[in-house]
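Structure at a glance
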Amino acid sequence: MEWLNSISEDIIPRNITNKEEKLEVARKVAMKVKDGDVIGFGSGSTSYIAAIEIANRVEKEDLHIIAIPTSYEMNALCQDLKIPTASILAHKPDWGFDGADKVNNQNWLIKGRGAAMLKEKLNMVNAGITYILVDNSKIVDEFESSDNNLSIPVEVIPEAVNSVKEALEDLGAERSILRKAEKKDGPVITESGNVILDTKFVEIYDGLEDDIKSIVGVVESGLFMDYSVEIIKPEEKKD
Ligand code: 5RP
């Protein structure tokens, strides 16, 4: 029996910014799917669009794939789209795709607006290659400290918030703010039961990701430096 309701309708964000460009890159990654692939599915609106495009190909061409989702929402969307899912405990991804909040000219990424960076990074380090799907608003030359919107999310075990904040300041953080939930009192709690500090650094230097990770109580950060990624961006428009 089929459900009359679909969780996707509640999950897919209603107002997706830069939707045309996101659709363009989503279609490009969907063309990479081959029968039998185990694929890491990232999170965020671009990844949701890519999942829909992949599901269209799977249905039309009778492909057999397995998705390893990186968030509650992506897992639910895959169920709705009839894409079989598995935990990374059961399968190693052949490749993956994901979105990003910012990409610089060294292919460093800032991720984690959706607080899913822990599983996103777990998929990424285990996949041969991860295609990063970005619209033009995400692409920058350098990560400029003057950019007020450029904050790095840091996932922290709840008991360690004060001590991690202090250690982040020692590393050059101007501020680190506990991410608050919307429509619930208190902080955002991640799928692994942790909290997020949105952290603004004076300088994003080579090695900062490792320095953040070495703080006791930090689980992961949204800084992705030197991973095996290929950036998929929209075609340049000719005038
Ligand atoms: C979630 C992420 C997302 O991939 C990132 O925020 C991009 O999202 P969107 O595709 O909606 O712009 O890192 O944790």
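Below: a short report on this structure.

Rules used in this analysis
- Residues numbered from 1 in each chain as written.
- Predicted model: local features only at pLDDT ≥ 70, side-chain atom pairs only at ≥ 80, totals over all residues.
- Heavy atoms only, no water.
- Buried < 20%, exposed > 50% of the residue type's maximum accessible area, 1.4 Å probe, protein only.
- Helix = DSSP H or I, 4+ residues; strand = E, 2+ residues; numbered from the N terminus.
- Arc of directions from axis to C-beta.
- Contact = heavy atoms within 4.5 Å.
- Salt bridge = Lys/Arg side-chain N within 4 Å of Asp/Glu carboxyl O.
- Axes fitted to C-alpha atoms, helices over the stretch in contact; angles between N-to-C directions.
- Parallel < 35°, antiparallel > 145°, perpendicular 65-115°, else oblique.
- Left-handed = near helix turned anticlockwise from the far one by under 90°.

To continue, consider helix α6 (residues 161–170). Considered for burial, the residues of α6 that qualify are Val-161, Val-164 and Leu-168. In an axial view of α6, the angular spread of the buried residues amounts to 65 degrees, which keeps them on one side of the axis. In this structure, α6 carries Asn-162, Glu-166 and Asp-170 as exposed residues pointing more than 90 degrees from its buried face. For α6, the secondary structure elements touched by its buried residues are β7 (152–156), β8 (173–178), β9 (195–201), α7 (208–213) and β10 (218–221). Looking at the residues trailing α6, positive phi occurs at Gly-172, about 110 degrees.

Counted by the stated rule, this structure contains 13 salt bridges. For Lys-82, the salt bridge goes to Glu-2, with nearest N and O atoms at 3.4 Å. You can see Lys-82 sitting in the loop between α4 (72–80) and β3 (95–98) and its partner Glu-2 sitting in the segment before α1 (7–11), a full 80 residues away along the chain. For Arg-27, the salt bridge is made with Glu-53, and the minimal N-O distance between the two is 3.4 Å. Note that Arg-27 is positioned in helix α2 (residues 19–30) and Glu-53 in helix α3 (residues 45–61), a separation of 26 residues in sequence. Residue Glu-53 is classed as buried on the basis of its relative accessible area of 15%. Residues joined in a network through salt bridges with shared partners are Lys-121, Glu-209, Lys-213 and Glu-220.

Two numbers describe how α3 lies on α4: the axes approach to 11 Å, and their chain directions differ by 20 degrees. Classified by the interaxial angle, the pair formed by α3 and α4 is roughly parallel. Crossing angle aside, the handedness with which α3 passes α4 is right-handed. Note on element contacts: α4 touches α3 through Glu-73, Met-74 and Leu-77, opposite Ser-47, Tyr-48 and Ala-51.

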